[in-house]
Amino acid sequence: MRLLIIGDIVGEPGRRAVTQIVPRLKRDEKIDLAIGNAENVTNGGGLIPRHAQELYHAGLDVLTMGDHIWDKKEIYQIVSSDPRIVRPANYPKSVPGQWAIVVKTPAGEKVGVTGVLGRVFMKQPYDSPFVAIKEAVDQLRKETPVIVVDVHAETTSEKVALGWYLDGQVSVVFGTHTHIQTADERILPLGTSYITDVGMVGPYDSVIGRKKEQVLETF
C-alpha cells in the first residue's frame, strides 16, 4: 500500500499546489490513499466546505485537522457529516466531528486515520493526547491494522514521545503544525514509520505560510 501524506496546506497558494501536483503524484507514484492536513486551507486558518471539495477534487481522500479547525464557522456545516474529515481525538467527546475514521482504498483495503493535538505551548488545555490516542487506536484496530496518526503539536519532544508511545501499534505517525519539515524520518524498532513534521504546502517566500512582513512586525 502506498500512502501520500501532506502537511499543513496553507491558504490559496497551498490549495493551488495541491490542485496542480497531487493528481500527477497519485498517478505517477501509484498512490492508494492521499491524506492532507487542512486546518489552514481557508485564508491561513480554518476550512470552509467549498475548499474541502476543492481538495477532494484534486485527489485528497482524507483531511486531518488541528487547533485552527474552528476558525471558520462554516466548518460546522460539514464536520459531523463528512466521513473524510477527522478532527483531533483529544477534544472533549461532546465536540462535533469524527475523531477516528476508517476509509477504503480503491482496492478495498481499510485504513484507519486519527490524530491528536499536543498540549505543550498550546493555547488551550486539551485532554491528554496519550489517553485519547490510545482509545482511538484501540477502536480502529478492531477494523484494520493499518492506522495513520497525525500529531499536531508545537514541540518536537512531545511528537517524538507520542511516536515512541505508538510504535508497533500503528503504521505511521506524522507530525504537523510547525510547518517546517524535519529530517528525522525513520522506521521505529517495532515497525512504525515516523517523522516529527512533514512540513507545509504553501508560500515558499514566507514565514510558515504567513506574509513575512507581517510576522516580522509582530516579532
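Refer to the structure printed above.
What counts as what
- Residues numbered from 1 in each chain as written.
- Predicted model: local features only at pLDDT ≥ 70, side-chain atom pairs only at ≥ 80, totals over all residues.
- Heavy atoms only, no water.
- Buried < 20%, exposed > 50% of the residue type's maximum accessible area, 1.4 Å probe, protein only.
- Helix = DSSP H or I, 4+ residues; strand = E, 2+ residues; numbered from the N terminus.
- Pairing = 2+ DSSP bridges.
- Right-handed = clockwise from strand over helix to strand, strands pointing away.
- Phe/Tyr/Trp six-rings, centres within 6.5 Å; stacked < 30°, edge-to-face > 60°.
- Lys NZ or Arg CZ within 6 Å of the ring centre and 35° of its normal.

A. Spatial organisation of the pairing of strand 9 (residues 172-176). In terms of burial, strand 9 is a largely internal element, five of the five residues being buried. Of the two faces of strand 9, both are covered, the one formed by Val172, Phe174 and Thr176 as well as the one formed by Val173 and Gly175. Pairing geometry for strand 8 (residues 147-152) and strand 9, over five bridges, is parallel. In the strand pairing of strand 9, Val149 is matched with Val173. After leaving strand 8, the chain enters helix 4 (residues 156-166) and then returns to the sheet as strand 9, a path that is right-handed. Pairing of strand 9 with strand 11 (residues 193-195), which is carried by three bridges, proceeds in the parallel orientation. Each bridged residue has a counterpart across the sheet, and for Phe174 the counterpart in strand 11 is Ile195.

B. A look at the packing of aromatic side chains. This structure, assessed with the given rule, holds four aromatic pairs. Ring centres 5.2 Å apart and planes at 80° place the aromatic pair Phe130 and Tyr165 in the edge-to-face group. Of the two residues, Phe130 is situated in helix 3 (residues 129-140) and Tyr165 in helix 4; the sequence distance between them amounts to 35 residues. Look at Phe130 and you get partly exposed, because its relative accessible area is 28%. Put simply, the rings of Trp70, Tyr76, Tyr91 and Tyr126 touch in pairs and so form one group of aromatic residues. Across the ring face of Tyr56, the terminal group of Arg84 is positioned such that the distance to the ring centre comes to 3.6 Å. Just above the ring of Trp99 sits the side chain of Lys93; from NZ or CZ to the centre is 4.7 Å.

C. Quick look at the sheet that holds strand 3 (residues 33-37). Spatial strand order, 1-3-4-5: four strands in an open sheet with parallel pairing. Two strands lie at the open edges of the sheet, namely strand 1 (3-6) and strand 5 (85-86), each paired on one side alone. As defined by bridge partners, strand 1 adjoins strand 3 across four bridges and the pair is classed as parallel. In the sheet register, Leu3 faces strand 3, and the bridge partner there is Leu33.

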